[in-house]
Amino acid sequence: MKKSLLVLSSLFLIITSASAQTDSVVMRKIFDEALVNGQCYQNLHYLCKNIGQRLSGSANAQKAVDWGKKLMEGYGFDKVFLQEVMVPHWERGVKEQGYIIDGAKKIPVPICALGMAVATPANGITASVVEVHSLAEVAELGEKVIKGKIVFYNRPFDPKFIETGTAYGTAGDQRRAGPSMAAKYGAVGVIVRSLTEANDDYPHTGTTQYTDDAPKIPAAAISTKAADKLSAMLKLRKFPQAKFFFKQSCRLLPDAKSYNVVGEITGTENPNKFITVGGHLDSWDLAEGAHDDGTGVMQSVEVLRIFKALGWKPKNSIRAVLFMNEENGTKGGLKYAELAAQNKEQHIAAIESDEGGFTPRGFSFEGLTADKIKSINKNYKALFEPYEADRLVIGGSGSDVGPLKVTMPGVTLIGFRPDSQRYFDIHHTPNDVFENVNKRELELGAAAIASLVYLIDQHGL
Ligand SMILES: [Zn+2]
């Protein structure tokens, strides 16, 4: 190597290590602010206890919109505004009833209607049960076996996956597509084993997606304990002796007007370039939407609050987006992406926090090449190591930022990845309450996200 080249390259090393040093100092400040003066936990408390469940189209969802806007205005962000969007308005109706009917015995079991499902007739449905473990099995059994029956999808979570989100993904077809598949072969109703590995009596709701090529039949989730009981009885007695009864009165109302809530710190150099961080403001109706996704929403607001508290002025505009309607339509995510394109807002990156407010482990980057993720690790991994949030991997981002892929080519989509072991114990259940969120875990997550936003703003990816 020539001497001049050697001098130049060592100069470069000094500069890069100086910037790494600055970065680590800034990150330390971000974490200190989140852990010492953090406000996301108290904000989450307000959202859960003073507003509570906030399913799209409900009065509570509107309350959450109004409150979210006021909260961010109170923090003095440069811009706070709403994005109007029409959302599905589904209501659960009166509490569902489910029984295993064993001869003259009626054994009550915990069930809940799947989101977007239709009601049973007013006096419920009683039918023999066919237990299956896959959609393909329904097709194999065919109309001869399925017609007139209640199809019971009972494939459990696969415990071999280390990240529980993968188990959720692979078991989820039963809930999403199971009802329409069963209806094609003449089923009168569907019962789905709750999507969880927890063995308890909480039924887990979640959206089902009816297809146009089959009649819409009522569908409900059953708790894992009750699913095991029903399965055991079917094995003992063989159908058609054991029957199932369920009754639900849910309904889909006309679409309702709602909003995404957006807060922004405007960039000093590139006001029209954006780094977005978001979660969803709507929640299922069975609890308080604490982990799903009150935590993601409050972390997103906290990211901007931390920057403001530290007096840090980003080069690019930083946005916190409280998306509406992730759970049963993703209309808010679609609207955000549509408006971003329409307003010609260039998005550099969009980070979503929607996997619970648990201990941060890192981030997953959607669709990056192996080389790109290698260079991200080279630049940033060491900075996240002291905070134990240094897993920077290729993977999914989230359903609310997802639509940006289509309207903003070149945007990097990122998923915040907290520890996943306990999320599906409470996900979409009556147990998703504030008390199940840990203050420090929530704050560490907010700080990790703020750090990544800071690094992307300063150095890009
Ligand atoms: Zn969610």
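Residues numbered from 1 in each chain as written. Predicted model: local features only at pLDDT ≥ 70, side-chain atom pairs only at ≥ 80, totals over all residues. Heavy atoms only, no water.

A closer look at the overall build of the protein chain
Secondary structure summary: the protein chain contains 14 helices and 16 strands in total. Expected size for 461 residues packed as a compact globule is a radius of gyration near 23 Å; at 24 Å, the protein chain falls within 12% of this value. Overall size of the protein chain, expressed as C-alpha extent along the three principal axes, is 90 × 50 × 40 Å. Sorting the 461 residues of the protein chain into buried and exposed places 57% on the buried side. Look at the contacts in the protein chain between residues 6 or more apart in sequence, and 82% of them connect residues 24 or more apart. (Helix = DSSP H or I, 4+ residues; strand = E, 2+ residues; numbered from the N terminus. Rg over C-alpha atoms; globule rule 2.2 N^0.38 Å. Buried < 20%, exposed > 50% of the residue type's maximum accessible area, 1.4 Å probe, protein only. Contact = heavy atoms within 4.5 Å.)

Re the state of the cysteines
Throughout the structure, instances matching the rule amount to zero disulfides. Free of any disulfide, Cys-40 has its nearest cysteine sulfur in Cys-48, 12 Å distant. Among the cysteines around Cys-250, which has no disulfide bond, Cys-112 carries the closest sulfur, lying 10 Å off. (Disulfide = S-S within 2.5 Å.)

Details of the side chain of His-291
Structurally, the position occupied by His-291 is in helix 9 (residues 290–310). Its relative accessible area of 1% is what places His-291 among the buried residues. Within the structure, His-291 has its side chain in polar contact with the backbone nitrogen of Gly-357 (distance 2.9 Å). Ignoring any residue separated from it by four or fewer positions in sequence, one finds His-291 in contact with Gly-356, Gly-357, Phe-358, Tyr-423, Ile-426, Asp-432, Asn-436 and Val-437. (Polar contact = N/O pair within 3.5 Å; in protein donor to acceptor, adjacent residues only side chain to side chain.)

What to know about the pattern of salt bridges
Inspection of the entire model under this criterion finds 25 salt bridges. Arg-193 serves as the salt-bridge partner of Asp-228, at 2.8 Å between the closest nitrogen and oxygen. One end of the pair, Asp-228, is in helix 8 (residues 224–237); the other, Arg-193, is in strand 7 (residues 189–193), with 35 residues separating them in the sequence. Between Arg-422 and Glu-441 there is a salt bridge, with its nearest N and O atoms 3.4 Å apart. In this pair, Arg-422 sits in the loop between strand 16 (412–418) and helix 13 (423–426) while Glu-441 sits in helix 14 (residues 439–459), placing the two residues 19 residues apart along the sequence. Relative accessible area serves as the criterion here: at 39%, Arg-422 is assigned to the partly exposed category. Judged by its relative accessible area of 14%, Glu-441 falls in the buried class. Among the charged side chains, a salt-bridge network with shared partners connects Lys-79, Glu-264, Arg-319 and Glu-345. (Salt bridge = Lys/Arg side-chain N within 4 Å of Asp/Glu carboxyl O.)

Side note on helix 11 (residues 370–384)
End to end, helix 11 covers 20 Å across 15 residues, agreeing with the expected 21 Å (1.5 Å per residue, within 8%). By the largest-angle criterion, Lys-378 marks the main kink of helix 11, which is about 45°. Of the residues making up helix 11, those classed as buried are Ile-373, Ile-376, Tyr-380, Leu-383 and Phe-384. (Expected span 1.5 Å × (residues − 1). Bend = angle between axes of the 7 residues up to and from the residue.)

Topic: the coordination of the zinc ion
For the zinc ion, every protein donor is listed as His-280 (NE2), Asp-292 (OD), Asp-354 (OD) and Asp-354 (OD), and the spread of their distances is 1.8 to 2.7 Å. Angles of 51 to 148° at the metal separate the four donor atoms of the zinc ion, which places the site in the irregular class. Read N to C, the donor residues that coordinate the zinc ion are spaced as H-x11-D-x61-D. Of this pair, His-280 sits in strand 11 (residues 270–280) while Asp-292 sits in helix 9, and the two are twelve residues apart along the sequence. As far as the burial class goes, His-280 and Asp-292 line up, both buried. (Donors = N, O, S within 2.8 Å, 3.2 Å for Na, K, Ca; no water. Tetrahedral: all angles 85-135°; square planar, octahedral: opposite > 155°, others 65-115°.)

Overview of the nonpolar core
Counting residues in hydrophobic clusters, the biggest one holds 70 residues, and the most contacted among them are Leu-281, Phe-307, Phe-363, Phe-365 and Val-453. Aside from chain neighbours lying at most four places away, what touches Phe-365 is Ile-373, Ile-376, Leu-392, Val-393, Ile-394, Gly-395, Thr-412, Leu-413, Ile-414, Leu-452 and Leu-461. Met-116, Val-192, Tyr-210 and Ile-217 belong to the second largest nonpolar core, which has 27 residues in total. (Core = buried A, V, L, I, M, F, W, Y, C linked by side-chain atoms within 4.5 Å.)

So, the confidence of the model for the protein chain
Across the protein chain, the average pLDDT comes to 95, with 95% of residues at or above 70. Here residues 11–15 is modelled with pLDDT under 50, and outside its nearest four sequence neighbours on either side it reaches zero contacts, counting other chains as well. (pLDDT = per-residue confidence, 0-100.)

A word on the packing of aromatic side chains
Counted according to the given criterion, the structure contains 16 aromatic pairs. Ring centres of Tyr-46 and Trp-67 lie 5.1 Å apart, and the angle between their planes is 10°; this geometry places the pair in the stacked category. A residue pair is termed long-range when its members are at least 10 positions apart, and Tyr-46 in helix 2 (residues 40–51) and Trp-67 in helix 3 (residues 59–74) qualify at 21 residues. Residue Tyr-46 is classed as partly exposed on the basis of its relative accessible area of 35%. A centroid spacing of 4.6 Å and a plane angle of 65° characterise the contact between Phe-307 and Trp-312, whose relative ring orientation is edge-to-face. One aromatic cluster is present, built from ring pairs that chain together Phe-157, Tyr-168, Phe-358, Tyr-423 and Phe-424. Just above the ring of Tyr-99 sits the side chain of Lys-106; from NZ or CZ to the centre is 4.7 Å. A cation over an aromatic ring shows up here: Arg-319 above the ring of Phe-274, its NZ or CZ 4.0 Å from the ring centre. (Phe/Tyr/Trp six-rings, centres within 6.5 Å; stacked < 30°, edge-to-face > 60°. Lys NZ or Arg CZ within 6 Å of the ring centre and 35° of its normal.)

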